[in-house]
Amino acid sequence: MPTERPVQEFAPAKINLSLHVTGRRSDGYHLLDSLVVFADVGDHLQVTTASETRVSVTGPRADGVPDDARNLVWKAADHFGQPADITLYKHLPAAAGIGGGSSDAAAVLRALAQATGRSIPPGTDRLGADLPVCIAPQAARMQGVGELITPLPPLPAIHAVLVNPGVEVATPKVFAALRSTDNPPMFETLPQWPDAATLAQWLRGTRNDLEPPSVLLAPVIGDVLTRLRREPECLLARMSGSGATCFALTTTRARAEAMAARIAVPGWWVQPVTLT
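A few points on the structure. Note that the structure is predicted; figures quoted are calculated from it, not measured. (Residues numbered from 1 in each chain as written. Predicted model: local features only at pLDDT ≥ 70, side-chain atom pairs only at ≥ 80, totals over all residues. Heavy atoms only, no water.)

This brings us to the pairing of strand β6 (residues 148-151). Across four bridges, strand β5 (residues 140-144) lies against β6 in antiparallel orientation. Its bridge partner being in β6, Q143 is matched across the sheet by L148. (Pairing = 2+ DSSP bridges. Helix = DSSP H or I, 4+ residues; strand = E, 2+ residues; numbered from the N terminus.)

In structure tokens:
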């Protein structure tokens, strides 16, 4: 029997440390090869089984987020086959390249699995390419159209600053502006990295193939990356996903916090984080 007690879930921001676009299927979906980690900032959800689904959105980033069947959390409840009363406390910027909607939907699926004692149904990739990797938010390699997930051993402590300049970049437009959809994948096997500096050095041999078209569509992303790369304690700066959120890796949480304070610009979303 489903429990009527509310279940609390955290929906962390998803960060693509690398993102290679390696092909395109006949149905138009792009093939990816990405190293994905999760931040200690995100949205919060409260989920209760119900006779019909209802979504309430609140929090500092609630403006413009739909509270009806357009919201991916509603679609997640439909996919699970269990109506739910869902309260979404929105802290992450939308359309930001950090998987906010997918992470929210994955959190609903986890909550409903806990509330009902049932397994999450297969086919979550039909809700979105980022859904499968967000189901168990941990460091992973994501391939295919997002459905092939390889969990990775625990990474060294990674500290970073996330910066979103307050612009939304439409993912379809980014892919449409991509010059090549047939790019080399990441290395066949991934090494183990003893520390953040070694990981950052390895990442310099990888790419985010969506960064150049995103910068073309929203030049302020390039301004953010330039600002981050000028920071003396920045090990690596790159865009996540299809943008517009960028990240800068550094060695300690204190350095991430200091960097965030220096970079703060009115209208920009700036967060020091730890990535796992």
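Moving on to the nonpolar core. In terms of nonpolar packing, the biggest core is built from 61 residues, with L45 and I86 touching the most fellow members. The element contributing the most residues to this core is helix α2 (residues 100-116), with nine residues. Not counting residues within four places of it along the chain, the set of residues in contact with L45 comprises V7, Q8, E9, A11, V73, I86, T87, L88, Y89, D104, A107 and V108. (Core = buried A, V, L, I, M, F, W, Y, C linked by side-chain atoms within 4.5 Å. Buried < 20%, exposed > 50% of the residue type's maximum accessible area, 1.4 Å probe, protein only. Contact = heavy atoms within 4.5 Å.)

Looking now at the pairing of β5. A large share of β5 lies buried, amounting to four of its five residues. In the sheet, strand β2 (residues 30-49) pairs with β5 via five bridges, with the strands oriented antiparallel. When the sheet's bridge partners are listed, S34 is paired in β5 with M142. In textbook terms, the turn of a hairpin is the stretch between consecutive antiparallel strands, and for β5 and β6 this stretch comprises three residues, one of which, G146, has a positive phi near 115°.

To continue, consider the pattern of salt bridges. All chains considered together, the criterion is met by 15 salt bridges. The residue D104 makes a salt bridge to K90 at a minimum N-O spacing of 2.9 Å. One end of the pair, D104, is in helix α2; the other, K90, is in the loop between β4 (84-89) and α2, with 14 residues separating them in the sequence. One salt bridge connects R255 with E233, and the closest N-O pair in it is separated by 3.7 Å. Separated by 22 residues along the polypeptide, R255 in helix α8 (residues 253-263) and E233 in the loop between α7 (220-229) and β8 (236-239) bring together distant segments of the chain. On the basis of relative accessible area, R255 is assigned to the partly exposed category, the value being 38%. We classify E233 as partly exposed; its relative accessible area is 26%. Residues joined in a network through salt bridges with shared partners are E231, E233, R255 and R262. (Salt bridge = Lys/Arg side-chain N within 4 Å of Asp/Glu carboxyl O.)

Bringing the side chain of S240 into the picture now. Examined against the element boundaries, S240 turns out to sit in the loop between β8 and β9 (246-250). Setting aside residues no more than four positions away along its own chain, S240 makes contact with K14, I15, N16, A96, G97, I98, N208, T245, C246 and F247.

Turning next to the packing of helix α1 (residues 72-80) against α2. Each pair of packed helices gets described by two things: the angle between the helix axes and the distance between those axes. For the pair α1 and α2, interaxial distance at closest approach is 8 Å and the crossing angle is 35°. Between α1 and α2 lies a crossing of right-handed hand. Packed against α1, whose contacting residues are L72, V73, A76, A77, H79 and F80, the element α2 presents G101, S102, D104, A105, V108, L109, L112, A113 and T116 at the interface. A class-by-class count of the residues in the contact of α1 with α2 yields 10 nonpolar, four polar and one charged. (Axes fitted to C-alpha atoms, helices over the stretch in contact; angles between N-to-C directions. Left-handed = near helix turned anticlockwise from the far one by under 90°. Nonpolar A, V, L, I, M, F, W, Y, C, P; charged D, E, K, R; others polar.)

Turning our attention to α8. Considered for burial, the residues of α8 that qualify are A256, M259, A260 and I263. The buried residues of α8 all sit within an arc of 100° when viewed along its axis, so they share a single face. Facing away from the buried side of α8, by more than 90 degrees, are the exposed residues A254 and A261. Where the residues of α8 are buried, they touch β7 (158-164), α7, β9 and β10 (269-275). (Arc of directions from axis to C-beta.)

It is worth spelling out the environment of A107 at this point. Positionally, A107 belongs in helix α2. Separated by 83 residues in the primary sequence, A107 and L190 place their C-alpha atoms 28 Å from one another. Not counting the four nearest positions on each side in its chain, A107 is found in contact with E9, F10, A11 and L45.

For the bond from G243 to A244, the omega torsion is 10°, close enough to zero to count as cis. Mapped onto the fold, A244 is located in the loop between β8 and β9. With phi around 50°, A95 is a residue other than glycine that occupies positive phi space. Relative to the helices and strands, A95 is located in the loop between β4 and α2.

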